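Now for the letters of each chain:
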Amino acid sequence: MLKPPESPMRLRTRLLPLALLLLAACSSDGDDTPDAGPVVVEDLCNNREEALTNADCELKPGVAVERFLALAGEVKAGDEDWYSIRIPANANARTLVHITGAYLSASTPVNLSVSVQEKDKNTALVAKSDQHGSGAPKPIDIVLPYGTPDTQLIVVVRDAPTNPARPAFDARNPYRLMVELLENPDTNEPNDVTPTAIALTAQGAAQVGTAKGYLATDGDVDRFSFPLTAGKIAYVKVTAPDQDFAPNYRLSYELLRPNGTEKESEGNVLPKVHPGVLATARKVKVAGTWTLVVKGYRGANEPVPSGDLRQPYDVEVRVLDEADSHDQSSDNDTYAKAFADDFAGAPGTSKSFTGRLGYVSDRDWFTARLPAYSKPSVLRYRLVPLGTGGRFEPLPLPLGQLADRQVLVFTTVSTSVTAENRASCSSSPAVCPRDAREHPEAPSLVQTYCNNPEAVLCLQSLREESDPARFPNLGNFQGALLVPPHAASATYHFVVQDDGTNWADDRDYRLDVSWEDDDAEEAGAYSGATEQERARTLNGVGAGNLPVGNASFESKGQLSYGHGRLRGNDRATGLGVRGPTDYDAVSSDTDTYDYTLPSRTAPEDAAWLVQWEVDNLPDGGTPHGLALDLTFCDGTPTTDGGTGCTPVSTTSTGGALTLAYSSSVMRAWHTSASTPLSSYQALYQLEKTAGTTRVTVAPYACACLERRFIKGGTLKVAVSATERSDYSRVGYTLRTGWGDYPRGFTAPDGGSPTQCPAPIGATDGGSGYTGGCQFTQ
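A few points on the structure.

Reading the values: rules and limits
- Residues numbered from 1 in each chain as written.
- Predicted model: local features only at pLDDT ≥ 70, side-chain atom pairs only at ≥ 80, totals over all residues.
- Heavy atoms only, no water.
- Helix = DSSP H or I, 4+ residues; strand = E, 2+ residues; numbered from the N terminus.
- Rg over C-alpha atoms; globule rule 2.2 N^0.38 Å.
- Buried < 20%, exposed > 50% of the residue type's maximum accessible area, 1.4 Å probe, protein only.
- Contact = heavy atoms within 4.5 Å.
- Areas by Shrake-Rupley, 256 points an atom, 1.4 Å probe, with all protein chains shown as cover.
- Lys, Arg positive; Asp, Glu negative; His and termini not counted.
- Charge placed at Lys NZ, Arg CZ, Asp CG, Glu CD.
- Pairing = 2+ DSSP bridges.
- Axes fitted to C-alpha atoms, helices over the stretch in contact; angles between N-to-C directions.
- Phe/Tyr/Trp six-rings, centres within 6.5 Å; stacked < 30°, edge-to-face > 60°.
- Polar contact = N/O pair within 3.5 Å; in protein donor to acceptor, adjacent residues only side chain to side chain.
- Arc of directions from axis to C-beta.

On to the overall build of the protein, then. When you go through the protein residue by residue, the secondary structure sums to eight helices and 48 strands. For 777 residues, the compact-globule estimate of 2.2 N^0.38 gives 28 Å, and the C-alpha radius of gyration of the protein, at 39 Å, exceeds that figure by more than 25%. Its C-alpha atoms give the protein principal-axis dimensions of about 125 × 65 × 50 Å. Classification of the 777 residues of the protein by burial places 48% in the buried group. Considering only intrachain contacts with a sequence separation of at least 6, the fraction spanning at least 24 residues in the protein is 81%. Approximately 34400 Å² of the protein is accessible, and the part contributed by carbon and sulfur atoms is 51%. Separation between the mean location of the 69 positive side-chain charges and that of the 97 negative ones in the protein comes to 2 Å.

Strand order in this open sheet of four strands is β2-β7-β4-β5, and the pairing throughout is antiparallel. At either end of the open sheet lies a strand with only one pairing partner, and these are β2 (81–87) and β5 (124–129). When the angles between neighbouring strand axes are averaged without regard to direction, this sheet yields 20°. Where strand β4 (residues 112–118) lies against β5, five bridges are found, and the strand directions are antiparallel.

Now for unusual backbone geometry. Note that the residue after Ala602, namely Pro603, is joined by a cis bond; omega there is -10°. Cis geometry marks the peptide bond from Tyr741 to Pro742, where omega comes out at 5°. Residue position: Pro742 is located in the loop between β44 (731–739) and β45 (744–745). We note that Leu474 has phi near 55°; this positive angle belongs to a residue other than glycine. Since its relative accessible area comes to 7%, Leu474 is described here as buried.

The next thing to look at is the packing of aromatic side chains. Taken as a whole and assessed by the stated rule, the structure comprises 18 aromatic pairs. With centroids separated by 5.6 Å and ring planes inclined at 75°, the aromatic side chains of Tyr373 and Trp515 adopt a geometry described as edge-to-face. Highlighted residues: Tyr373 in the loop between β21 (364–370) and β22 (377–389) and Trp515 in strand β27 (residues 507–517), separated in sequence by 142 residues. Look at Trp515 and you get buried, because its relative accessible area is 0%.

A few words now on the pairing of strand β12 (residues 221–228). Along β12, six of the eight residues are buried, which leaves the element largely enclosed by surrounding structure. Where strand β9 (residues 196–197) meets β12, two bridges bridge the pair, whose relative direction is parallel. Directly across from Thr196, in β12, lies its bridge partner Phe224. Looking at chain direction, β12 and strand β17 (residues 288–296) are connected through eight bridges and run antiparallel. Across the sheet, residue Arg223 finds its bridge partner in β17, namely Val293.

Our focus in this paragraph is the sheet that holds strand β1 (residues 65–69). With respect to topology, four strands assemble into an open sheet ordered β1-β8-β3-β6, the strand pairing being antiparallel. Of all strands in the sheet, those with a lone pairing partner are β1 and β6 (140–145), marking the two edges. Looking at each pair of strands side by side, their axes are set apart by 25° on average, direction ignored. In the sheet, strand β3 (residues 95–103) pairs with strand β8 (residues 170–183) via nine bridges, with the strands oriented antiparallel.

A few words on the environment of Asp141. One can find Asp141 in strand β6. The exposure class assigned to Asp141 is partly exposed, which follows from its relative accessible area of 22%. Once the C-alpha coordinates of Asp141 and Thr100 are considered, the two residues, 41 residues apart in sequence, prove to be 4.7 Å apart. A distance of 2.6 Å separates the side chain of Asp141 from the side chain of His98, its partner in a polar contact.

Time to look at the pairing of β22. The pairing of β22 with β27 spans ten bridges and is antiparallel. Bridge pairing links Val378 to Glu516 in β27. Sheet analysis places β22 next to strand β25 (residues 478–483), joined by six bridges and oriented antiparallel. Residue pairing in the sheet places Tyr381 in a bridge with Gly479 of β25.

Considered for burial, the residues of helix α5 (residues 442–450) that qualify are Ala442, Leu445, Val446, Tyr449 and Cys450. Considered in projection along α5, the buried side chains sweep an arc of 140° and stay on one side of the axis. Residues of α5 that are buried in the fold lie against β23 (405–414), α4 (419–427), β24 (456–464) and β32 (583–584).

Turning next to the environment of Asp570. As for its position among the elements, Asp570 is in helix α7 (residues 570–573). When its relative accessible area of 25% is taken as the criterion, Asp570 is described as partly exposed. Remark: the alpha-carbon pair of Asp570 and Glu723, spanning 153 residues in sequence, is separated by 8.8 Å.

That is the geometry; function is a separate question.
Written out as structure tokens, the structure is:
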């Protein structure tokens with residue numbers, strides 16, 4: 001008689017024989033020498049006829065049999081044991097034949113093999129073997145669905161040798177074999193071919209249906225069906241609850257369209273992961289009866305997945321309305337269908353776009369059109385999660401992977417997708433700007449969207465979801481972009497999606513876009529559509545210091561756009577408002593000042609005094625720092641007596657000539673490699689005032705203007721934002737001048753003053769100087 005369905009706890013109790021077999025195999029002290037000791041082998045059940053007629057060869061449910069796999073004579077190899085199992089008259093489609101076999105010893109030369117046949121056929125219904133090699137033997141577990149009533153099955157036990165010509169035997173250690181007849185705990189069986197219908201009932205505005213099942217047998221496949229209407233969103237979830245163990249199989253699913261063959265979606269649980277959670281959300285494009293297939297995952301060249309009587313799974317289906325007002329019929333999923341809104345008049349207005357990522361492959365396109373404007377302006381954006389929506393849980397991600405939402409901003413190079421337009425977009429910064437200094441991957445990133453199939457697009461900005469502890473509530477999903485003067489309307493395209501479009505969360509968001517004037521100083525530097533360098537004169541202070549509030553020494557401005565620059569490991573981890581993979585085609589608003597240097601008699605060396613400050617935020621915070629990229633003009637006469645200007649923007653070792661605050665103590669240009677570390681000082685001094693954050697190049701740095709640069713006559717200083725933590729518009733002041741050289745500095749402990757290296761005149765009566773200022777060394 002078959003046993004009735006049992007709870008998972010009772011099923012685990014019923015499966016204790018297999019656990020006991022494994023325990024015995026791990027603890028036995030049996031001798032694995034095949035012919036050791038005086039054990040007498042009784043060789044029974046050697047063929048099909050004996051299995052069917054000999055009572056000793058019939059396996060009784062729940063009764064373990066222990067036998068030796070060895071012939072009775074002097075030649076013991078080549079033994080096969082044949083048994084029968086009687087299937088009762090009340091067997092049905094849910095009847096399971098559960099066979100366990102194992103050696104009780106810690107070792108055996110036999111690779112135990114168990115196969116099951118119908119009584120009058122030679123083809124195995126199922127066969128498994130333990131290829132344990134030199135390791136300990138492992139138990140064999142077979143769960144076979146077999147519903148033919150009132151018949152017999154044949155079980156054959158033999159060795160599965162690695163060398164067929166040399167089968168092994170074991171006359172010392174017996175194997176144990178046991179059978180159980182169970183009822184499949186999956187009440188939907190058989191549904192390997194004909195699906196079990198899932199009834200959908202109303203729950204509020206949703207239609208919801210559930211089911212439960214087991215992948216109880218090897219290669220088990222369970223099918224479920226449910227009706228779907230075009231335009232709806234179908235959320236399908238398959239969960240294997242945590243049983244404190246990884247089941248024998250890796251849970252997987254396939255979601256099939258109404259034709260029964262095309263896959264809409266599929267997925268599988270990673271190895272040894274529990275609980276198993278799989279889910280997808282899909283916009284229904286084809287109405288009809290859809291099919292969900294639940295099975296164990298089988299990779300290429302992998303065996304048939306094992307079943308597991310202990311592990312149930314649950315299915316949930318939710319049929320939902322499209323809740324995105326801009327996406328009722330995939331309306332804004334593509335460039336051509338973007339939801340558009342027009343800005344009118346002059347800067348000083350804003351727009352808000354709302355949406356949600358409601359299904360896999362969902363992406364939301366929005367277009368902001370700006371009217372013609374003759375001055376530079378700034379377009380700001382920020383994505384704000386609203387906390388509403390969420391009719392299903394965010395779709396699960398692979399272990400260790402974070403959600404990967406994105407905001408991308410494009411301008412259109414051309415709607416004519418030609419090889420010429422694509423090449424121009426990919427290769428010309430004038431057509432499509434790109435910042436390879438901050439983002440070495442910029443060329444390939446730009447090319448990806450230049451090759452977009454719908455239109456040739458220039459990527460202006462990209463924000464990617466990052467560590468939520470570092471950027472809570474998508475704190476880096478904001479930006480500020482330069483809008484150059486434009487005689488016709490300017491169009492910007494915003495895309496909200498997840499990277500790979502394989503995830504959804506059904507949560508509402510708002511995309512705020514504002515159009516603002518650029519600062520007056522910036523606007524005044526434009527001639528037509530081109531920003532010009534600001535001409536300045538570097539004035540002197542003699543032996544004094546830089547005066548504060550003196551316009552002769554100060555240049556003021558705002559750095560209105562760009563996520564700013566980062567240094568070192570900050571690029572890999574993100575900082576402030578910038579995630580590690582965020583991108584801006586123009587990383588920072590950059591104001592370039594072209595200073596005319598003084599004309600000086602030999603020795604021309606001059607001290608260079610540099611200081612900058614950035615206005616604080618209302619809460620006292622610093623919105624960003626400054627980086628000063630320097631380009632000197634080397635006016636050293638050429639060998640033919642000519643003069644000219646050779647731009648110098650790198651140090652003698654090829655590093656960038658950039659000033660930016662660092663609190664680290666380090667070598668200065670005038671310290672040698674042998675100088676003790678204890679004498680190193682910081683090159684910058686930081687001072688926090690009530691209204692500003694001020695940085696001064698320290699006296700220890702011995703900042704100076706080399707003779708060849710004085711002869712060149714010019715110095716360009718490009719000011720950009722670094723370590724940006726806020727996009728608020730604040731002013732900065734660059735304060736600089738020249739003075740008498742050499743100057744001196746003292747050690748932090750108040751030691752004796754040290755003079756910066758002074759130029760040395762010729763001692764042989766000749767002219768010229770050596771040494772002195774070598775600031776770019």
